[in-house]
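So the chains spell out like this:
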Amino acid sequence: MHALKSKIIIANWKAYVTTRKALRAYFGAFAGRYQKAVTPSSALVRSTRQKDQAVHRRNSAPDIVLCIPFPFLDEARQAIQNLKPTLLLGAQDVFWEPGGPYTGAVTPPMLKDAGVSYVIVGHSERRKHFSETDDVIAKKVRAALDAGIGVILCVGESARAADDDQMRENLDTVRMQLGRALEGVKKSHIKNIIVVYEPVWAISGFSGVADTPENAARMILYIRRILAKLYDASVAKTARVIYGGSVSSQNVAGFLREETIDGVLPGHASANPREFLWIIRAVVEGR
Ligand code: PGA
């Protein structure tokens, strides 16, 4: 049985919101409706009293992180600071050095100072468009953790498995990516990492077709097995591992019904405030 953990929802806005005007419109639509979205209905509260642990787990408020483009971090921080339950601020990238002659770099201390709690590292779009290697990703993971910033570590294969050979290749890819990214990461730091299984082929910009909850759960169990090998069984059990790739309000409940999936990372859908609120609602209600 898993320890009781809150569900996690990570909004990755990517570069969908491109102006402050759009950011203000987003929070204008989001702020007033957030509390209602995140409050369980009275029917759910009643069923929780029956000590149904699965319901209780769904019922506890999810941990929500909003990963915002750098130029809008401060305004987003202000927009969410009075919302309850608290939402956390996240960034979408970080450089590995703390500071110095690195034109254009956004460093861990800068993010820390901006109020950022988590940063995405290893996203397939960074690997593809910015040529990020496993080595670069490993440096970013360590730098963020050393600065006290949590890491949202993305791993995932490129091609959907149509046969056993491809499946074996996909397992190897995920194992390698995870192993490389966690090189030198101490066991005590794993609690500050959220691993995201994000099959590249399922990301909305690619196909728009999400993985099935069953497949995602299988890969996430495999990720837990790798963590058991790299660390130990307790790390494998308590590590937070979530799914990303074309998550929407329509399919989110299916993923969260899988015991091993601790949450979701919607990209495109999270950039629409109404749709993101529906996703939060679906997670809270478990349907
Ligand atoms: P998507 O993106 O929900 O738009 O597929 C997920 C991600 O790549 O972060």
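Structure shown above.
Residues numbered from 1 in each chain as written. Predicted model: local features only at pLDDT ≥ 70, side-chain atom pairs only at ≥ 80, totals over all residues. Heavy atoms only, no water.

1. Let's talk about the pairing of strand β6 (residues 193–197)
Note the threshold: Each residue is placed in one exposure class: buried if its accessible area under a 1.4 Å probe, protein chains only, is under 20% of its type's maximum, exposed if it is over 50%, and partly exposed if it falls in between. What counts as a helix is a DSSP run of H or I of at least four residues, what counts as a strand is a run of E of at least two, and both are numbered from the N terminus. Paired strands, as defined in this entry, are two strands with at least two bridges between them according to DSSP. Place the viewer so that the strands point away; then a crossover is right-handed whenever the path from the first strand over the helix to the second strand goes clockwise.
In terms of burial, β6 is largely enclosed, as 5 of its 5 residues are buried. Of the two faces of β6, the one carrying I193, V195 and Y197 and the one carrying I194 and V196 are both buried. Pairing of strand β5 (residues 150–155) with β6 involves 5 bridges; the strand directions are parallel. Within β6, the position partnered with V155 by the bridge is Y197. Note that the unit made of β5, helix α8 (residues 164–181) and β6 has a crossover that is right-handed.

2. Comments concerning the packing of α8 against helix α9 (residues 213–230)
Operational definition: Note on method: axes are straight lines fitted to C-alpha atoms, helices fitted across the in-contact stretch only, with angles between N-to-C directions ranging 0 to 180 degrees. When an angle is under 35 degrees it counts as roughly parallel; over 145 it counts as roughly antiparallel; between 65 and 115 it counts as roughly perpendicular; any other value is oblique. Take the far helix as your reference; a near helix turned counterclockwise from it by less than a right angle gives a left-handed crossing, and one turned clockwise gives a right-handed crossing. Any two residues whose heavy atoms approach within 4.5 Å are treated as being in contact.
In the contact formed by α8 and α9, the axes pass within 10 Å of each other and the chain directions differ by 45°. One finds that α8 runs oblique with respect to α9. The two elements α8 and α9 cross, and the hand of that crossing is right-handed. Contacts between α8 and α9 involve M167, N170, L171, V174, R175, L178 and G179 from the former and M219, Y222, I223, I226, L227 and L230 from the latter.

3. Remarks on the site of the ligand
Which entries qualify depends on this criterion: For this purpose, a residue is taken to be near a molecule or strand whenever a single non-hydrogen atom of the residue falls within 4 Å of it. Within 3.5 Å is the distance limit for a polar contact, defined as a pair of N or O atoms, with the added protein rule that one can donate a hydrogen and the other accept it, and that residues adjacent in sequence qualify only through two side-chain atoms. Accessible areas in this description were obtained via Shrake-Rupley with a 1.4 Å probe; residue shielding takes into account the shown protein chains only. For this scheme, ten residues count as nonpolar: Ala, Val, Leu, Ile, Met, Phe, Trp, Tyr, Cys and Pro. Four count as charged, namely Asp, Glu, Lys and Arg, and the remainder, Gly too, count as polar.
In the vicinity of the ligand, 13 residues are found, and the nearest of them are H123, E198, S204, S246 and G267. Interatomic distance of 2.8 Å between a backbone N/O atom of S246 and an oxygen atom of the ligand. With respect to the ligand, the backbone of G267 contributes an N or O atom lying 2.7 Å from an oxygen atom. Contact with the protein chains covers 99% of the free accessible surface of the ligand, which is 280 Å². Here the shell around the ligand is composed, by residue class, of 4 nonpolar, 7 polar and 2 charged.

4. Examining the sheet that holds β5
Taken in spatial order, the 8 strands of this closed barrel run β1-β2-β3-β4-β5-β6-β7-β8, and their pairing is parallel. For this sheet, the mean inter-axis angle between neighbouring strands, taken without regard to orientation, is 25°. Bridging between strand β7 (residues 240–244) and strand β8 (residues 263–265) involves 2 bridges; their strand directions are parallel. Residue G244 lies in a different strand from β8, and its bridge partner there is L265. Contacts between helix α7 (residues 134–146) and the sheet are confined to β4 (118–121), β5 and β6, with β5 contributing the most and set at about 160° to the helix.

5. Considering the pairing of strand β2 (residues 63–67)
In terms of residue burial, β2 counts as a mostly covered element, since 4 of its 5 residues are buried. Where strand β1 (residues 8–12) lies against β2, 5 bridges are found, and the strand directions are parallel. Each residue of the ladder has a partner; that of I9, found in β2, is I64.

6. Let's talk about α8
What counts is decided by this rule: Working rule for helices: expected span equals 1.5 Å times residues minus one. What the arc describes is the spread of directions from the helix axis to the C-beta atoms.
If you check α8, its first and last C-alpha atoms are 26 Å apart, about what 18 residues at 1.5 Å a residue would give, namely 26 Å. Three or more residues of α8 are buried, namely Q166, N170, V174, Q177, L178 and A181. Along the long axis of α8, the arc covered by the buried residues comes to 100°, so they all point the same way. Seen from the buried face of α8, the exposed residues on the opposite side, beyond 90 degrees, are D164 and D165. In this structure, the buried residues of α8 make contact with α6 (124–129), α7, β5, β6 and α9. Looking at where α8 begins, the residue whose side-chain oxygen comes 3.2 Å from the main-chain nitrogen of D165 is D163.

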